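# Examination of the molecular architecture
The primary structure of each chain is shown beneath.
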Amino acid sequence: LFSLKDDAGGLWVAEEADEILGFAWSWVCGDLWFLAQLFVSPDHQGRGIGNELLKRTFEHAKKSGATNRALITFTFNTVSQGLYIRNGLFPRFPIYNFSVSRELLMGRLQGPQFRPVFLEETASDLQKLANIDARVLGVSREKHHRYLLNDKAMKGVGLYSGEECVGYAYVSTGGHIGPLAVARPDALGSGFTTALALAVEIGSPQVSAFLPGASEAALRIAVEHGMRITFPMLLMSTRDFGDWSGYLPRNPGFM
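Bear in mind that the values here come from a model prediction, so they are computed numbers and not experimental data.

All right, on to the state of the cysteines then. Within this structure, the stated rule accounts for zero disulfides. In this structure Cys165 is not part of a disulfide, and its nearest cysteine sulfur, from Cys29, lies 19 Å away.

As structure tokens, this is what we get:
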């Protein structure tokens, strides 16, 4: 509903005889176009529906003026990967979903942390978030932050070293971490450990996060804290972008 209100041109459905056979959903931030979801009913795959939906979402990218296109897909979805490669999006690196029980995490939680300060939808906080995103991802995501800050199931914090805000992290009431970003790659370890501590405080029985294969610090900390891979995904794009050693996505659709 948020995306429909923000930019209806990014949402499409394929219908036949009053039945939805598939849908596609994309959003744009700055010069980045992102394919959040593209699904076709298994009973109707092989009919060219995916190609047709993709054509319409690419038209959305063209109209928006985006210069880069990206998405996150399942590594085992080889048919879709072939479709994306044919359309100019190429594999960059894996993104792993890690998970651990809160009980196990509590017994292993250690390492330096930042001072967390709850975020608010103020001009000051939004500017700090925009500056961090611009440095890490190359684009501002102010509209996404406004969405998260108004989601009662989310807690967002600024990560402070002294009086300097070096990053931010969101943790859901279900114990899922992300998005998380830090202005300096060397701050990712402390930022992720801070987010793990916040997830423990929330009290959900499970804690999880999507960790890019490009982020050695996050992967090392995850394993040291007993987290295990539940399933792997893959970032694909028309060109490299962002510093993924300093960013943890929320999920394949939100990035």
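Moving on from the model shown.
By the bridge criterion, nine bridges tie strand E5 (residues 90-101) to strand E11 (residues 228-237) in an arrangement that is antiparallel. In the strand pairing of E11, Pro91 is matched with Met236. Pairing geometry for E5 and strand E10 (residues 206-212), over seven bridges, is antiparallel. Following the sheet pairing, Ser101 is matched in E10 by Gln206.

Take the nonpolar core next. With 31 residues, the main nonpolar core has Tyr168, Trp244 and Met255 as its most contacted residues. Here the element with the most residues in this core is helix H5 (residues 123-136); it accounts for four residues. Residues contacting Tyr168, with those up to four places away along its chain left out, are Leu119, Leu129, Ile132, Asp133, His145, Val157, Gly158, Leu159, Pro179, Leu180, Ala181 and Tyr247. One finds Leu159, Val171, Ala187 and Ala195 within the second-largest nonpolar core, a separate group that totals 29 residues.

Cut-off values and rules
Residues numbered from 1 in each chain as written. Predicted model: local features only at pLDDT ≥ 70, side-chain atom pairs only at ≥ 80, totals over all residues. Heavy atoms only, no water. Disulfide = S-S within 2.5 Å. Pairing = 2+ DSSP bridges. Helix = DSSP H or I, 4+ residues; strand = E, 2+ residues; numbered from the N terminus. Core = buried A, V, L, I, M, F, W, Y, C linked by side-chain atoms within 4.5 Å. Buried < 20%, exposed > 50% of the residue type's maximum accessible area, 1.4 Å probe, protein only. Contact = heavy atoms within 4.5 Å.

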